[in-house]
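The primary structure of each chain is shown beneath.
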Amino acid sequence: MARLRSASWMPSSRQRAAQITQMSSGEGQRRAMVDQIEKRCLLLPPRTRLLHIGPMKTGTTSLQLAARARREVLLANGVRYPGTEVNQRRQLGALIGWSVNTWARAKPLEPDRLDIDAKGVPPRGDWDRVKAEIEADPDRRIFLTHEFVSQVDDSTARKVVEAVGEPIHVCITLRSPGEIVPSLWAQSVRDDAQTEPFVDWLARFFGKDPVHPISARFQRAYDQGQLVNRWARLVGPDNVTVIVVDKSDPRLLTGTFEAMLGLPDGVLEWRPSNASLAAIDAELFRHVNAILRDRGAGWSTFHSLVRYGAIKLGPERRQLSPGEPRVVLPSWAGEIARRDGTQFADAIRHSGVRIVGDVDTIGADFRTADWPTMSAVPIDVAAEAVAGGILAGQKARTDLSKEVADRAAEINRLRADLDRVTAERDRVTADLAALRSSSTRERARELAQELRRTVLRRLRKRQRASLHR
């Protein structure tokens, strides 16, 4: 497989990693955007296919929302963001065969259905159309992004690289595992019908329950050292950029993508989004998910009335109280995450890939706290959740009424078309009958005339015979 080569615009990966890390980690030198020299070093060659694979909870959603909203601006500046949606989740899901269409899943309501539920896998044509769009634009840089790609195994990663095509550059955005892991559980409550208590889930995640280990795909994305080295082996370390996300400097993330893609400053800036649920909201909806599961609710109900209903229209819109408990690791899990983060940072530092940001922060300290005891839900939180559910039901009813009205209008149009076709059929039938009747009369006249001629011939023949006797 051909690989991009280090050219004069980019020092060796190790030199570049050291330069950019020093630039980012030196006290007083952290800045909101890279300068023009650094931008030239980050700029990818023309026609490069930049594949951003996440993982989740590393600032990906805001970046994708900006790219979707400014798709035409990107196009005008030499970058194609394929498709029409927020990201290429559905298309990449079709490529790797994962059930990303949550509402279409058929198996019982429970988490970890992403890569095992055959239902909800988009048709292959979804990827084929995006691939055709990429191939039809040989001049621009291509930007593809979704976090699920960070969770694939080696063989699937190879399949993705072959499908995306050359020249390819992989971008991996990272942050401390102590911040990612609790957010993953909270997001699984919101997106994946999680019902397992946080502490029990953590025990499985960190290997304290060997009988029921956490999903392999979560582990592949969690082990950041292995993640970076997997893709470095596959496409070459010079073709991998790691961005260590810094919440105090959001422009580090967006500015780096703008520099790699050759975009004007600020094009990919976007307000923060996809914030994790607070502890009380996550625990409330974990119980809701359990009740729905026990009562036989399906994924369509969860998708429309919980994920994009009660949660999106409820807790995601409420203002959190000062000091309100968040989902953070307890101290025992924090020790494991800090140890892992230090090991991940060391592996990344020696991987030979290009690093933007302070890789040491992956193993840095973070806040820990015991899971709060919650025996009751505050009235305002419960009210937001109930209101969200009611609004979701109202929207579903409105959507259904509109669909029924649209179907009724379509039926009326079909009936009108049928009436016109029936009238035309009757007219043609009448014309044919008239034509047949006219033809019959004409044929009768012809037969009568023929009979008359035959009779006359016979009479004349008899007359001539009589005269000869």
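Residues numbered from 1 in each chain as written. Predicted model: local features only at pLDDT ≥ 70, side-chain atom pairs only at ≥ 80, totals over all residues. Heavy atoms only, no water.

Relative to the elements of secondary structure, Q91 occurs in helix 5 (residues 89-96). Sequence separation between Q91 and R124 is 33 residues; the distance between their C-alpha atoms is 7.9 Å. Discounting chain neighbours no more than four positions away, the residues touching Q91 are E85, D126, W127 and V130. (Helix = DSSP H or I, 4+ residues; strand = E, 2+ residues; numbered from the N terminus. Contact = heavy atoms within 4.5 Å.)

A few words now on the side chain of T156. Along the polypeptide, T156 turns up in helix 7 (residues 154-164). A relative accessible area of 17% places T156 in the buried class. Side chain to side chain, T156 and D153 meet in a polar contact 2.7 Å long. (Buried < 20%, exposed > 50% of the residue type's maximum accessible area, 1.4 Å probe, protein only. Polar contact = N/O pair within 3.5 Å; in protein donor to acceptor, adjacent residues only side chain to side chain.)

For the rest of this paragraph, the subject is the nonpolar core. The nonpolar side chains of soluble globular proteins are, as a tendency, buried together. Within the largest apolar cluster, 79 residues are counted, with the highest numbers of intra-cluster contacts made by I172, W201, F205, F206, W231, V242 and L329. Ignoring sequence-local partners within four residues, the contact set of W201 consists of V181, L184, W185, Q194, E196 and I214. L44, L50, L74 and L252 belong to the second largest nonpolar core, which has 22 residues in total. (Core = buried A, V, L, I, M, F, W, Y, C linked by side-chain atoms within 4.5 Å.)

Below, the discussion takes up helix 13 (residues 279-294). For helix 13, built from 16 residues, the straight-helix expectation of 22 Å at 1.5 Å per residue is met to within 8% by its first-to-last C-alpha distance of 23 Å. Here helix 13 has its buried residues at A279, I280, D281, A282, E283, L284, F285, R286, N289 and A290. Among the residues trailing helix 13, G296 stands out with phi positive, at a value near 80°. (Expected span 1.5 Å × (residues − 1).)

Turning next to helix 14 (residues 299-311). Helix length check: helix 14 (13 residues) gives 15 Å between terminal C-alpha atoms against 18 Å at 1.5 Å per residue, more than 12% under. If you check which residues of helix 14 are buried, you get W299, F302, H303, V306, R307, G309, A310 and I311.

Counted according to the given criterion, the structure contains 14 aromatic pairs. Note on W185 and F198: the rings are 5.0 Å apart at their centroids and 45° apart in plane angle, and the pair reads as tilted. Placement of W185 in helix 8 (residues 177-191) and of F198 in helix 9 (residues 198-205) is noted, with a sequence separation of 13 residues between them. An angle of 70° between the planes, with centres 5.4 Å apart, marks the rings of F205 and F206 as edge-to-face. By relative accessible area, which is 3% here, F205 ends up buried. A relative accessible area of 13% means that F206 is categorised as buried. An aromatic cluster is built from W201, F205, F206, F218, Y222, W332 and F344, whose rings are joined through pairwise contacts. Sitting over the face of the ring of F218, R217 holds its NZ or CZ atom 4.7 Å from the ring centroid. Directly above the aromatic system of Y308 lies the positively charged group of R307, at a separation of 4.5 Å from the ring centroid. (Phe/Tyr/Trp six-rings, centres within 6.5 Å; stacked < 30°, edge-to-face > 60°. Lys NZ or Arg CZ within 6 Å of the ring centre and 35° of its normal.)

Most of strand 3 (residues 141-145) sits inside the fold, with five of its five residues counted as buried. Of the two faces of strand 3, the one holding R141, F143 and T145 and the one holding I142 and L144 are both buried throughout. Pairing analysis gives four bridges linking strand 1 (residues 49-52) to strand 3, with the strands arranged parallel. Bridge assignment links L51 to a residue of strand 3, and that residue is L144. In this sheet, strand 3 lies alongside strand 2 (residues 79-80) in parallel orientation, the contact comprising two bridges. Its bridge partner lying in strand 3, V79 is registered against R141. (Pairing = 2+ DSSP bridges.)

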